[in-house]
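Read off the chains here:
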Number of protein chains: 2
Amino acid sequence: MHGLMQNFPLLVPSLLEHAEQVHGNVEIVSKRLEGDVHRYCFPDLARRARQLANALQRLGVGEGEVVGTIAWNGYRHMELYYAAPGMGAVYHTINPRLSAEQLAYVIAHAEDQVVFVEAMFLPMLEAIADQLVGLKAIVVLCDEDELPASSLPGVLAYESLLAAESDQYQWLELDENRAAGICYTSGTTGNPKGVVYSHRALVLQAMNTVIGLELNSRDVILPIVPMFHVNAWTIPFSAALLGTKLVLPGKDLDGASIHALMESEAVTFSAGVPTVWQMLFDHLEQTGERLTTLKKACIGGSAAARSMLETFRDRYGVEPLHAWGMTETTSMGSAPILTPAVISAGDEAVMDAKMSQGRAVFGARLRVVGEAGEPVPADGASSGHLQIQGWAVAQEYFKRSGRDEWTDDGWFDTGDIATLDAEGYLRLTDRAKDVIKSGGEWISSIDLENAALAHPDVAAAAVIGMRHPKWDERPLLIVVLRSGAVLDRDSVMATLSERVAKWWLPDDIQVVDALPIGATGKVQKNLLREQFADYQLPTASIQPAAEHG
Amino acid sequence: MHGLMQNFPLLVPSLLEHAEQVHGNVEIVSKRLEGDVHRYCFPDLARRARQLANALQRLGVGEGEVVGTIAWNGYRHMELYYAAPGMGAVYHTINPRLSAEQLAYVIAHAEDQVVFVEAMFLPMLEAIADQLVGLKAIVVLCDEDELPASSLPGVLAYESLLAAESDQYQWLELDENRAAGICYTSGTTGNPKGVVYSHRALVLQAMNTVIGLELNSRDVILPIVPMFHVNAWTIPFSAALLGTKLVLPGKDLDGASIHALMESEAVTFSAGVPTVWQMLFDHLEQTGERLTTLKKACIGGSAAARSMLETFRDRYGVEPLHAWGMTETTSMGSAPILTPAVISAGDEAVMDAKMSQGRAVFGARLRVVGEAGEPVPADGASSGHLQIQGWAVAQEYFKRSGRDEWTDDGWFDTGDIATLDAEGYLRLTDRAKDVIKSGGEWISSIDLENAALAHPDVAAAAVIGMRHPKWDERPLLIVVLRSGAVLDRDSVMATLSERVAKWWLPDDIQVVDALPIGATGKVQKNLLREQFADYQLPTASIQPAAEHG
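Residues numbered from 1 in each chain as written. Chains lettered and ligands numbered in written order. Predicted model: local features only at pLDDT ≥ 70, side-chain atom pairs only at ≥ 80, totals over all residues. Heavy atoms only, no water.

Helix packing geometry: the angle between the two helix axes and the distance between the axes. All names here are of chain A. Between helix H1 (residues 12–22) and helix H2 (residues 42–58), the shortest axis-to-axis distance is 8 Å and the interhelical angle comes to 135°. When the interaxial angle is binned, H1 and H2 end up oblique. Viewed along their axes, H1 and H2 form a crossing whose handedness is left-handed. On the side of H1, the interface is formed by Leu16, Ala19 and Glu20, while H2 contributes Phe42, Pro43, Leu45, Ala46, Ala49 and Arg50. (Axes fitted to C-alpha atoms, helices over the stretch in contact; angles between N-to-C directions. Helix = DSSP H or I, 4+ residues; strand = E, 2+ residues; numbered from the N terminus. Parallel < 35°, antiparallel > 145°, perpendicular 65-115°, else oblique. Left-handed = near helix turned anticlockwise from the far one by under 90°. Contact = heavy atoms within 4.5 Å.)

Structure below.
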């Protein structure tokens, strides 16, 4: 028997239509690259998105064709988020930190027809001009009078493009499984891999993000997480669904700029990677300023140190929310939903739970398996490979035949090592490729790094596995010291000893000026491994034999 | 281009699977008809639902076949909510207040194969025994030793049925547009009309209910709204999604019982119709007891008086939430989501907004049209026929060819008269059939009733339109007085005069002992009209001529 409900597909522009009708006077505030602050409301966004849809049509972008964006978080980028999917095309968000080679690769691989680009990133395209001959246009996100001189042909100003168009456009009634967006994930080896988001996945995750982060209509939301990165965790879509004021920070993500924006716009919720929060903390520390409106801060992208969560909670009275997701999961795969049992167990149990990556969102299933694919107990201690299934999880990469990342029974292997506990809390312990296999047992590089960060002299830390004749691999701790500090090996080792098993202690500690940070803000351990390729562990290192395993 | 996301349909049992995996230690507490309180956790619910699925199969219920339930809110009813859809069948929730004729009609029309029934409702089935020959079984929701003697053949005890089955069952991977549930809406005329809910609509509305009522995992939820009525507003499904403790009240909905349950289980959120809340208020008034844990109360089913919302807020410190939905909208069609603009305008603006039915939920579109179908301005003043479209809105009734309730362009006409304002707030002013058409203008019977309830002597009020030679119709106010009170016409008219236009004032006031209440707790105005069929309005009534229109 069939259900007798009306047939309305889950489409990205339906979020915007809803906002236009129901959240008519809710603002979107953008810090512009021009330096000023731009404000308008959802109906303005909708009107301009319709103009943009007409413009895309006029530029010759057809259904199923791809439109690239190299842009910060701002209202014009939002307009693209809706206009491209709404007229049957696909937005392709490009990370501006990609190398020239990667940039040329993703534009060609996605078959971008038009690229929308911030003026400051135009030189990136100019540098690969000979590889852009297939483009119908390059559109700079600016007014006509701010259009930079360029060696590229066919460069247009976004505002002139829009001004020529009608704001009447009927969003297409598409199949909800049609593509709406593409984002490439740049691994440490090989070409970037494209994940193709459906309308359905984006809309369902927009709902899941509201539920998982407990957003409400009184929130003022500042997504610092870039819109070029995993759909900004679908937060911009959630804002349209819920009718929350949205604050978009543009290019200035330093602590002073973010703090000023939070205060002037009365931001209550923000989301970003640990690096961004550390910059904010440094600014607050230096100036003595406070966070007077912020209530919740979501930390994702990579695992945060406990000290970061505690700083939010104890020093600034902000509730930290630790979440997890990947390019391949559209936005959050697990959300920081606390169980009543944890809450009643007290503050430290809550902080322990917050240090986890949360629990599977509805629509996603998590499992942890051993080397042979056997299930590992959900006891909070047994670790294994984290795999995920769900309605917003990639089933394959774009135009790529290999399926190495998927199991035979259809689970996506995240490349993470993790534990799950009886209440469903997920704890990432390492990347599979970074875990240190010592004497047949695993040492978590992340846990060691977090332990090192507890030492007052350590500003940043990375642990890599070094070949070892007896134990196969042993950990090497690489640190960046705080300015003025000198490495005191014994003191750092003492800090570590309080936090990890003795056989986990690194065989050596090396100091560097800075860690190599990749396009998505994560430490590039492959570069560290290259850097330390000729390094030899000291032979008289800590011998873990007695306690090992 | 197709999205490359994994294909997971939105299915009712996926909510239960999620709860079993992620919310393992969250309780479902049921006040049983046996008098005791039953407790178990989501994995127990899941295990027993799988046993029930096996039992349904053994009873010969096939895919697409229908299973009736005549039951209060309790854990066994929840098991049916999941087991029937999970094995491809359809739950058909039957209102125990239906007449024998209506009961026989819906069982036959839905082609129920098995009926699950509380012991106390078994006599209802015995009374129509000759019309139940097609049933494969009647299952009483009790233990074997509590099975009542019955004249009906093939009566089984629920617990014995389950005990015989394995708890292993793999929920079917169905098309999400397949039927999961049926609920009949009993109008005042004609046979009840069946609305067929898809898995997709129920799952999406479970998400919408979390978002619209701002539920979170720390809530303890008591749905007083019956599970036989519009899927209990999908609240039981939202609980599984979110992992909130669920408290099910059984048959005792009187103020003392509800209050005791709220206090003993630390309920934070509850939902019910105005009648239920009035009973609770009466109890609290009489005993001086307080609501020590309740934070939010959702009022739906019919419009609440402002005094009810104010009593919640001012006397009991509970946030009232006014929502709207119908059998035809799966659960909420509009939700009490406040806009920042309203909140910043102060307490009375918030109360005004709360007196509205809220704003369209995501996935639903509302419009108000005039007699000829022309759009009416969204100015908060212009009223017209409320129409709705959406993914959880019925597109037709079950096995019924007429489409009178749908417009040619596919909108469902709710039968309500309403206004919409610029912020999307919906305000129901009347049922279309109850609105009083006086001199070509409309008088809202609901507004008049609410005005009358502001008088201290008036316990209940209903307004009906009476034929009038000059104005076509004029209002007659019918009241139930508080015990001991005597009607003071002038005083009541004075109260009304402060609240409505002079030409709205009723031409007469009549006192009755009680108002006729129908199966869903609403005043049956058709019965009132019959009761007053021979009544004549006084000729020297208030003449509205001068100010009319």
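Let's pick the thread back up.
With that out of the way, let us pick up unusual backbone geometry. Residues and elements named next belong to chain B. Positive phi values are uncommon outside glycine, yet Trp233 reaches one of about 55°. Positive phi outside glycine occurs at Thr234, with the angle close to 55°. By relative accessible area, Thr234 is classed as buried at 0%. (Buried < 20%, exposed > 50% of the residue type's maximum accessible area, 1.4 Å probe, protein only.)

Moving on, we come to the confidence of the model for chain A. Low pLDDT marks stretches whose predicted atomic positions should not be read closely. With 97% of its residues at a pLDDT of 70 or more, chain A has an overall mean of 92. On the interface metric, ipTM, the complex scores 0.89, and its pTM is 0.90. (pLDDT = per-residue confidence, 0-100.)

This part takes up the pairing of strand S5 (residues 112–117) of chain B. Residue and element names in this part refer to chain B. By the criterion of burial, S5 is predominantly enclosed, with 6 of the 6 residues buried. The pairing of strand S3 (residues 66–70) with S5 spans 5 bridges and is classified as parallel. Counterpart to Thr69 in the pairing with S5 is Phe116. (Pairing = 2+ DSSP bridges.)

Our focus in this paragraph is the nonpolar core. If you look at the biggest cluster of nonpolar residues, it comprises 202 residues, and the most contacted ones within it are Tyr82 and Phe116 of chain A together with Tyr82 and Phe116 of chain B. The element that contributes the greatest number of residues to this core is helix H7 (residues 199–213) of chain A, accounting for 9 residues. Setting aside residues up to four positions removed in sequence, Tyr82 of chain A forms contacts with Val12, Pro13, Leu15, Leu16, Leu45, Ala49, Trp171, Pro236, Phe237 and Ala240 of chain A. Listed in part, the 60 residues of the second largest apolar core include Val220, Trp277 and Phe398 of chain A together with Leu4 of chain B. (Core = buried A, V, L, I, M, F, W, Y, C linked by side-chain atoms within 4.5 Å.)

Okay, the sheet that holds S3 of chain B next. Residue and element names in this part refer to chain B. A sheet is described by the order of its strands in space; here 7 strands give the open sequence S7-S6-S5-S3-S4-S8-S9, paired in mixed fashion. Across the chains shown, the open sheet's two edge strands, defined by having one partner strand only, are strand S7 (155–157) and strand S9 (193–198). Across the sheet, the mean angle separating the axes of adjacent strands is 25° when strand polarity is ignored. Of the strand pairs in this sheet, strand S6 (residues 137–140) and S7 are connected by 3 bridges, and their pairing is parallel. Opposite Ile138, over in S7, you have Val155 as the bridge partner.

Residues and elements named next belong to chain A. With respect to the element layout, Thr292 can be found in the loop between helix H10 (274–287) and strand S13 (296–299). On the basis of relative accessible area, Thr292 is assigned to the exposed category, the value being 59%. Separated by 190 residues in the primary sequence, Thr292 and Gln102 have C-alpha atoms spaced 41 Å apart. For Thr292, the side chain forms a polar contact with the side chain of Glu263, separated by 2.4 Å. (Polar contact = N/O pair within 3.5 Å; in protein donor to acceptor, adjacent residues only side chain to side chain.)

Now for helix H13 (residues 347–355) of chain A. Listed in full, the buried residues belonging to H13 of chain A are Val350, Met351, Ala353, Lys354 and Met355 of chain A. Where H13 of chain A is buried, its residues contact helix H11 (306–316), strand S14 (319–322), helix H12 (340–344) and strand S21 (426–431) of chain A.

Let's shift gears to the interface of chain B and chain A. Taken together, the 70 residues of chain B in the interface contact 70 residues of chain A. A buried area of about 6000 Å², summed over both sides, lies between chain B and chain A, and 61% of it is on carbon and sulfur atoms. Sorting the residues of chain B by area buried against chain A places Met1, Met5 and Phe362 of chain B first, and these three jointly supply 16% of that buried surface. For Arg200 of chain B, the salt bridge goes to Glu176 of chain A, with nearest N and O atoms at 2.8 Å. The interface formed by chain B and chain A holds 32 residue pairs in polar contact (both at pLDDT 80 or more) in total. Only helix H1 (12–22), strand S8 (179–185), S9, helix H7 (199–212), helix H8 (235–242), helix H12 (340–344), strand S17 (359–360) and strand S19 (384–390) of chain B provide two or more residues apiece to the side of chain B that touches chain A. Considering every element that reaches the side of chain B that touches chain A, the biggest residue donor is H7 of chain B, with 8 residues. When the residues that make up the side of chain B that touches chain A are grouped by side-chain class, the tally is 40 nonpolar, 20 polar and 10 charged. (Buried area = accessible area lost by both parts, 1.4 Å probe. Salt bridge = Lys/Arg side-chain N within 4 Å of Asp/Glu carboxyl O. Nonpolar A, V, L, I, M, F, W, Y, C, P; charged D, E, K, R; others polar.)

Here the focus is the relation of the copies chain B and chain A. It takes a turn of 180° to lay chain B on chain A, together with a shift of 0.0 Å along the axis; the resulting RMSD is 0.0 Å. Interpreted geometrically, this transformation is the action of a two-fold axis. When each C-alpha of chain B is compared by its distance to the rotation axis, Ile211 of chain B comes out closest, at 3.2 Å. Most of the interface of chain B is mirrored in chain A, where 100% of its interface residues are also at the interface. (Least-squares fit on C-alpha atoms with pLDDT ≥ 70 in both.)

Okay, the packing of aromatic side chains next. All names here are of chain A. Following the criterion strictly, the structure yields 32 aromatic pairs over all chains and no others. The interplanar angle of 75° and the centroid separation of 6.1 Å between the aromatic rings of Phe116 and Tyr158 together place this pair among those described as edge-to-face. Pair noted here: Phe116 is in strand S5 (residues 112–117) and Tyr158 is in helix H6 (residues 158–163), with a separation of 42 residues, a long-range link. Residues Phe116 and Tyr158 agree in their burial class; the two are buried. Over the ring of Tyr425 we find Arg359; its NZ or CZ atom is 5.5 Å from the centre of that ring. (Phe/Tyr/Trp six-rings, centres within 6.5 Å; stacked < 30°, edge-to-face > 60°. Lys NZ or Arg CZ within 6 Å of the ring centre and 35° of its normal.)

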